[in-house]
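# Inside the fold
This is what each chain is made of:
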2 protein chains.
Amino acid sequence: MLSALDLARRIEAGALTPAAAVDLCATAIAAREADIGAFAALDIDRARRQAEASAAALKSTPLRGLPAGVKDIFDTADFPTGYGSPIYADHRPPADAAAVSMLRRAGGLVLGKTVTTEFAHQQPAKTKNPRNLAHTPGGSSSGSAAAVAAGMAPIAIGTQTGGSVIRPAAFCGVAGFKPSYRLLPTVGSKCFSWSLDTVGLFAASVADVAFAAAGISGRDLRVDQAATAAPSLALVRTRIWDEASGEMQSAVETAARAAAALGARVEEHTLPEIAEEAWRLHPLIMAYEAFRAFAFEYDHHRDKLGPMLRDMLDHAAGISAEDYDAARRATKRARHAVNELLEGKFILTPSAPGAAPRGLGSTGEPIFNRLWTLMGTPCVNVPGLLDDSGLPLGVQIVGRFGRDRVTLAAAAFVEAAIARAK
Amino acid sequence: MLSALDLARRIEAGALTPAAAVDLCATAIAAREADIGAFAALDIDRARRQAEASAAALKSTPLRGLPAGVKDIFDTADFPTGYGSPIYADHRPPADAAAVSMLRRAGGLVLGKTVTTEFAHQQPAKTKNPRNLAHTPGGSSSGSAAAVAAGMAPIAIGTQTGGSVIRPAAFCGVAGFKPSYRLLPTVGSKCFSWSLDTVGLFAASVADVAFAAAGISGRDLRVDQAATAAPSLALVRTRIWDEASGEMQSAVETAARAAAALGARVEEHTLPEIAEEAWRLHPLIMAYEAFRAFAFEYDHHRDKLGPMLRDMLDHAAGISAEDYDAARRATKRARHAVNELLEGKFILTPSAPGAAPRGLGSTGEPIFNRLWTLMGTPCVNVPGLLDDSGLPLGVQIVGRFGRDRVTLAAAAFVEAAIARAK
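Residues numbered from 1 in each chain as written. Chains lettered and ligands numbered in written order. Predicted model: local features only at pLDDT ≥ 70, side-chain atom pairs only at ≥ 80, totals over all residues.

## Points about the overall build of chain A
For chain A, the helix and strand inventory stands at 16 helices and 11 strands. For chain A, the C-alpha atoms occupy an extent of roughly 60 × 55 × 40 Å along the three principal directions. Considering chain A as a whole, with its 422 residues, one finds that 61% of them fall into the buried category. At a minimum sequence separation of 6, the contacts of chain A that also span at least 24 residues come to 78%. (Helix = DSSP H or I, 4+ residues; strand = E, 2+ residues; numbered from the N terminus. Buried ≥ 20, exposed ≤ 12 C-beta atoms within 10 Å, placed from the backbone. Contact = placed C-beta atoms within 7 Å.)

## Let's talk about unusual backbone geometry
Put simply, Gly139 of chain A and Ser140 of chain A share a cis peptide bond, and its omega is 5°. Among the structural elements, Ser140 of chain A can be located in the loop between strand 3 (109-114) and helix 6 (142-149). In this model, Arg182 of chain B sits at a positive phi of 75°, which is unusual for a non-glycine residue. With respect to the helices and strands, Arg182 of chain B occurs in the loop between strand 5 (175-178) and strand 6 (198-203). You can call Arg182 of chain B partly exposed: it has 15 C-beta atoms within 10 Å.

## A few points about the pairing of strand 8 (residues 265-269) of chain B
Residues and elements named next belong to chain B. Here strand 7 (residues 232-236) pairs with strand 8 via 5 bridges, running parallel. Residue pairing for strand 8: Ala234 is matched across the bridge by Glu267. With respect to chirality, the unit in which strand 7 leads through helix 9 (residues 246-261) into the neighbouring parallel strand 8 is right-handed. (Pairing = 2+ DSSP bridges. Right-handed = clockwise from strand over helix to strand, strands pointing away.)

## Remarks on the packing of helix 2 (residues 18-36) of chain B against helix 3 (residues 44-53) of chain B
All names here are of chain B. Running from N to C, helix 2 and helix 3 point in directions that differ by 165°, and their axes come no closer than 8 Å. Classified by the interaxial angle, the pair formed by helix 2 and helix 3 is roughly antiparallel. Like other packed secondary-structure pairs, helix 2 and helix 3 cross with a definite hand, here left-handed. Note on element contacts: helix 3 touches helix 2 through Ile44, Ala47, Arg48, Ala51 and Glu52, opposite Pro18, Ala19, Val22, Ala26 and Ile29. When the residues that make up the contact of helix 2 with helix 3 are grouped by side-chain class, the tally is 8 nonpolar, no polar and 2 charged. (Axes fitted to C-alpha atoms, helices over the stretch in contact; angles between N-to-C directions. Parallel < 35°, antiparallel > 145°, perpendicular 65-115°, else oblique. Left-handed = near helix turned anticlockwise from the far one by under 90°. Nonpolar A, V, L, I, M, F, W, Y, C, P; charged D, E, K, R; others polar.)

## A few points about helix 14 (residues 321-341) of chain A
Residue and element names in this part refer to chain A. For helix 14, built from 21 residues, the straight-helix expectation of 30 Å at 1.5 Å per residue is met to within 8% by its first-to-last C-alpha distance of 30 Å. Those residues of helix 14 that sit buried are Ala327, Thr331, Ala334 and Val338. Viewed along the axis of helix 14, the buried residues span an arc of 75°, placing them on a single side of the element. Facing away from the buried surface of helix 14 by more than 90 degrees, the exposed residues are Glu322, Arg329, Lys332, His336 and Glu340. Contacts from the buried residues of helix 14 go to helix 10 (273-278), helix 11 (282-293) and helix 15 (370-375). (Expected span 1.5 Å × (residues − 1). Arc of directions from axis to C-beta.)

## Points about the relation of the copies chain A and chain B
Once chain A is rotated about the relating axis by 180° and shifted along it by 0.0 Å, it coincides with chain B to within an RMSD of 0.0 Å. Classification of the inter-copy transformation places it as that of a two-fold axis. When each C-alpha of chain A is compared by its distance to the rotation axis, Pro93 of chain A comes out closest, at 4.2 Å. A symmetric contact is evident, with 100% of the interface residues of chain A recurring at the interface of chain B. (Least-squares fit on C-alpha atoms with pLDDT ≥ 70 in both.)

## Structural notes on the environment of Thr377 of chain A
Residues and elements named next belong to chain A. The residue Thr377 is located in the loop between helix 15 and strand 10 (379-386) in this model. The spacing of Thr377 and Arg219 is 158 residues in sequence and 17 Å in space, taken between C-alpha atoms. Setting aside chain neighbours within four positions, we find Thr377 in contact with Ser180, Val338, Trp372, Val398, Gly399, Arg400 and Phe401.

## Digging into the interface of chain A and chain B
Facing 24 residues of chain A, the contacting portion of chain B comprises 24 residues. Residue assignment for the side of chain A that touches chain B shows that the elements contributing at least two residues are helix 5 (98-105), helix 11 and helix 12 (295-300) of chain A.

Spelled out as structure tokens, the structure:
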């Protein structure tokens, strides 16, 4: 994998040019893209030209001219934007999405558009898991996670409405960061659910993803390992703990022990009843909003929707405003309860039910992600653990809403503890 | 003006066809559009063809085939969509915005796109006030308010980020409804500020706008005058009362007396300190988000931006994330305080500083609207009062977040009280 932080430091020191960083990506793409299929559109030459044309200026930008993959759910004026749907096969938006413009303002170069599942829902696309091509990379940000895992890009942008950042990051063995709701704007990305859609990021390690988030957002999010105190962790198994594989259960416990060995305080916690209940509300809120967000596609191109999305929208047509409103009110109460639990501590919990499932017919289950998307809390997938077959097992650190910097720092602490315990 | 409710009842009773309703609009458009300039694009023939082709089916839809104007800030697949900016002069979006699809699902026919100021900001466009062509119609939903006021459409859709629904409704003497934040989705409208942009509606009277809102949202929002109890009103002058004209101050007091005479309880209230302060935070939050929402236009087409928007964005570049976050936290506290004040009552306050100012160089000031947009509360402009020169003076009813139906009912009560007091 390409470490964004390492590349940026070498560019800063004059030991690497932005164009040479593009070439590192190009080499990995030449070697692996044909097998993995992480990109929906790619223009290495343009990225290299941009890198060469502005080499001096890029050197002093926050992202130092690093190349990045952008999930094909974001509008781009200079790349086709298909949203993973045949309805938008020839779509050329007139403008870049806000997050893409922010990446470019920060000195990032767009290498290509990464594969998304259909409209960032569950219908799998062509991407395979770089760790084992017979396994799903997860979804919906399949291409972004796979591109980083295969060393084809040091940074990639994705989105999460259910578990679409944390799950593919876990399956592909990279760091994934779902910031607090709206820390990064969704403007110019294809909306699935306006109260859930969240822009997130992928990079090799937690420090790398924090570096990318700091650059794009212009916020103080960078992780300073040396200055990070040992965090207080709440090991939360949740009521669906039995749906996690034995290896995933062990991974969470291993992470907890490793963190404790480095000085972290670790206690078991149960979620407030209202939060456990809120987990069930996510699909209702998502479907009610999707039926309106995709009204045009559903009303005019229903035959071009994949069966998983079409079935979901068929069902969504019957959800009442009263049920939606009640779910939103319960969500608000759950947020208060979760906020209280997270005062002064971070939750440690699975990123997914297990390692990436074998086969490409499903992108896996977002059951360990939905609640946190609904709560709007920052989440980080911490990579580093493997199952017996060598597939990654990701553990998740969840922080309080708006406390993104310290959540990233806590995740970096756990990542270092896991590495040291090996 | 064309009453949406009256037309719908006549269509339901078989006394009017949807095509004949289109013809009523066409007659007013032929007579007045050349002077007023409410439309950016218009296709009366298509609306008439749609009305004729589906006459029987439309008759049983919630909106009964009524024609509507749609602010040109919403994407439409079958009309050009310019957002009031030369940057998008030839733009043809691939899909309808969610609110437009919802209007069509409910049996509304899109007659045309109504004029918006540039990107729904302050730079005035071509529209004139139907009540007096020498005066501004207000903005940014200038065309929507003017089209309804001139009887050219019974329903029009707009948006409010500062005061862009309530102010033009007040200036043009029509009912304007800014629902609770996100009651109607902004998906597919050009984003100015993601935490403030709110979809709103215009119609001849409060009952008409409630009928339109009920149809489009699929919610129980219709006003039943007979079943409405006299509301409890809080007359709130706010700290900027002195910036309201003498005639506007009298209008608010006249509305209060008229409501009291019909049985409403009316008490003077001051806003909580935190809410008075929050008023000042609105421009900061709006500008911080706009600098990101318009990143592509600012970075690539700065020369094609109008001077008012360009200056605002130049200034916005310097707003820090810390100041933005602090403003968001203060907003949250103010919402709690306003919510408490609004328990069991409705605020009565000016819709604008006065009647529509003379001249077309400014769309007027949103100072009596910003706080309520920031609070996310439902607001209704109640028409019916006039100044000495015959220009409309609008008063505003503000309700608790999520209590849209009773807020519309309270506004209808005040509207009836004003009419009876004349």
